[in-house]
Amino acid sequence: MLPFTSDQFLANLVAYNEAIWPMQPAAFACGALAVVLLLWRPRMADRLVAVILAVMWLWTGIAYHWLHFTAINKAAFIFGAMFVTQGALLLYCGVFRRQLRFGRDLGLAVSVGIAFVAYATILYPLLGIWMGHPYPEMPAFGVTPCPVTIFTFGFFLLAKPPLPRWLVAIPFIWSLIGGSAAFLLGVPQDWLLLASGIIAVPLIALGDSHPSGAKITG
């Protein structure tokens with residue numbers, strides 16, 4: 001049982017979206033830039049993508065969870081700490097340690113990763129509109145937990161193995177928490193979140209154990 005109603009959740013989401021405008025289009029532009037970097041592959045591409053993912057997690061932890069969601073759910077203090085920790089891990093592993101390298105070999109993982117990225121950026125908002133929750137009732141890409149998590153799993157599946165295992169733990173935990181809540185709140189665009197971790201984690205582990213195939217990029 002959730003400590004808030006669906007109406008309270010949507011009202012809180014509206015207040016959040018109105019308070020942070022125009023961060024939503026800026027976040028979408030950052031997501032598009034991450035995709036371009038993946039395809040274009042300039043010298044700093046891997047670290048720049050890690051920075052973009054890290055900023056999304058840090059922003060969501062601080063602005064969404066701590067500054068807004070705590071008004072209706074005190075557990076958001078813990079959720080925010082999880083997201084901030086994930087952002088810090090992305091900076092540490094992807095920028096300072098350079099352990100995130102994109103351009104994984106072609107295969108099932110890459111296909112699923114592309115599907116997750118496309119879903120988080122394009123299909124997610126369209127499904128929300130179709131189900132009767134247009135902006136500002138819509139969880140916006142890049143600044144709310146569920147699309148950020150799906151998008152991140154997509155990029156993890158596009159990363160060359162091995163992927164640091166601790167990078168996967170928090171997104172997987174949130175996929176279970178947020179995905180379960182989506183059914184109770186009637187947010188169908190978040191239903192994929194529940195499956196995203198269950199699908200992505202074994203594929204990442206399998207890729208770490210048996211890397212094979214042809215390059216997705218040069």
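Just so you know, these numbers come straight off a predicted model, no measurement behind them.

Participant: Please set out the nonpolar core residue by residue, giving values where relevant.
Facilitator: Counting 63 residues, the largest nonpolar core has Phe9, Leu100, Phe151, Phe155 and Phe156 as its most contacted members. Tallying contributions element by element places helix α3 (residues 45-66) first for this core, with 10 residues. Setting aside anything within four residues of it in sequence, one finds Phe155 in contact with Ala34, Val35, Leu38, Val49, Leu53, Phe102 and Val117.

Participant: Account for the layout of surface pockets, naming residues and giving values.
Facilitator: Of the voids in this model, the largest pocket is the one considered here, and its volume is about 240 Å³. Only α1 (6-20), α6 (145-157) and α7 (166-185) provide two or more residues apiece to the lining of the largest pocket. A per-element tally of the lining of the largest pocket places α7 first, with six residues. Residues that form the lining of the largest pocket fall into these classes: 18 nonpolar, three polar and one charged.

Participant: Talk me through the pattern of salt bridges; I want residue IDs and the actual numbers.
Facilitator: A full pass over the atoms with the stated rule returns one salt bridge. Two residues, Asp46 and Arg41, come together in a salt bridge whose shortest N-O distance is 2.9 Å. We classify Asp46 as buried; its relative accessible area is 18%.

Participant: Please provide a residue-by-residue account of unusual backbone geometry, values included.
Facilitator: Residues Trp21 and Pro22 are joined by a peptide bond in cis, for which omega reads 10 degrees. Looking at the secondary structure, you find Pro22 in the loop between α1 and α2 (23-40). The residue Arg41 is not glycine, and still its phi comes out positive at about 60 degrees. Structurally, Arg41 is set in the loop between α2 and α3. For Arg41, a relative accessible area of 24% puts it in the partly exposed group.

Participant: Please set out the environment of Gln189 residue by residue, giving values where relevant.
Facilitator: Here Gln189 lies in the loop between α7 and α8 (191-209). Between the C-alpha atoms of Gln189 and Trp174, which are 15 residues apart in sequence, the distance is 15 Å. Excluding residues within four positions of it along the chain, Gln189 makes contact with Tyr119, Tyr124, Leu127, Gly128 and Pro139.

Participant: So what about a nonpolar patch on the surface? Which residues, and what values?
Facilitator: Taken together, the side chains of Ile62, Trp66, Leu67 and Phe77 make up a nonpolar region of the molecular surface, amounting to roughly 400 Å² of accessible area. With respect to the secondary-structure elements, Trp66 resides in helix α3.

Participant: Describe the packing of aromatic side chains, with residues and values.
Facilitator: Tallying each qualifying case throughout the model produces 15 aromatic pairs. Ring geometry for Phe28 and Phe141: centres 6.1 Å apart, planes at 75 degrees, overall edge-to-face. Of the two residues, Phe28 sits in helix α2 while Phe141 sits in the loop between α5 (108-130) and α6, which places them 113 residues apart along the sequence. Under the relative-accessibility criterion, Phe141 is labelled buried at 8%. Ring geometry for Phe102 and Phe155: centres 5.8 Å apart, planes at 80 degrees, overall edge-to-face. Taken together, the residues span a long stretch of sequence, with Phe102 in the loop between α4 (76-96) and α5 and Phe155 in helix α6 at a distance of 53 residues. By the burial criterion, Phe102 is buried, and Phe155 matches it.

Participant: Residues and numbers for α4, please.
Facilitator: The first and last C-alpha atoms of α4 sit 29 Å apart over 21 residues, in line with the 30 Å expected at 1.5 Å per residue. The complete set of buried residues in α4 reads Ala76, Phe79, Gly80, Met82, Phe83, Gln86, Gly87, Leu90, Cys93 and Gly94. What you see down the axis of α4 is that its buried residues fit within an arc of 165 degrees, all on one side. Facing away from the buried side of α4, by more than 90 degrees, are the exposed residues Ile78 and Phe96. As for α4, its buried residues are in contact with α3, α6 and α7. Where α4 ends, the next residue or the one after it, Arg98, has phi of about 55 degrees, a positive value.

Participant: Summarise the environment of Phe4; cite the residues concerned and give the values.
Facilitator: Locating Phe4 in the fold gives a position in the segment before α1. Residue contacts for Phe4: discarding those within four places in its chain leaves Phe9, Phe69, Ile72, Asn73 and Leu185.

What counts as what
Residues numbered from 1 in each chain as written. Predicted model: local features only at pLDDT ≥ 70, side-chain atom pairs only at ≥ 80, totals over all residues. Heavy atoms only, no water. Core = buried A, V, L, I, M, F, W, Y, C linked by side-chain atoms within 4.5 Å. Buried < 20%, exposed > 50% of the residue type's maximum accessible area, 1.4 Å probe, protein only. Helix = DSSP H or I, 4+ residues; strand = E, 2+ residues; numbered from the N terminus. Contact = heavy atoms within 4.5 Å. 1 Å grid on protein atoms, 1.4 Å probe; cavity = no way out; pocket = protein on both sides within 12 Å on 5 of 7 lines; lining within 4 Å. Points joined across faces, edges and corners; volume = space filled by probe spheres on them. Nonpolar A, V, L, I, M, F, W, Y, C, P; charged D, E, K, R; others polar. Salt bridge = Lys/Arg side-chain N within 4 Å of Asp/Glu carboxyl O. Patch = residues over 30% accessible without salt bridge, like charges linked within 9 Å, V, L, I, M, F, W, Y side chains within 5 Å. Areas by Shrake-Rupley, 256 points an atom, 1.4 Å probe, with all protein chains shown as cover. Phe/Tyr/Trp six-rings, centres within 6.5 Å; stacked < 30°, edge-to-face > 60°. Expected span 1.5 Å × (residues − 1). Arc of directions from axis to C-beta.

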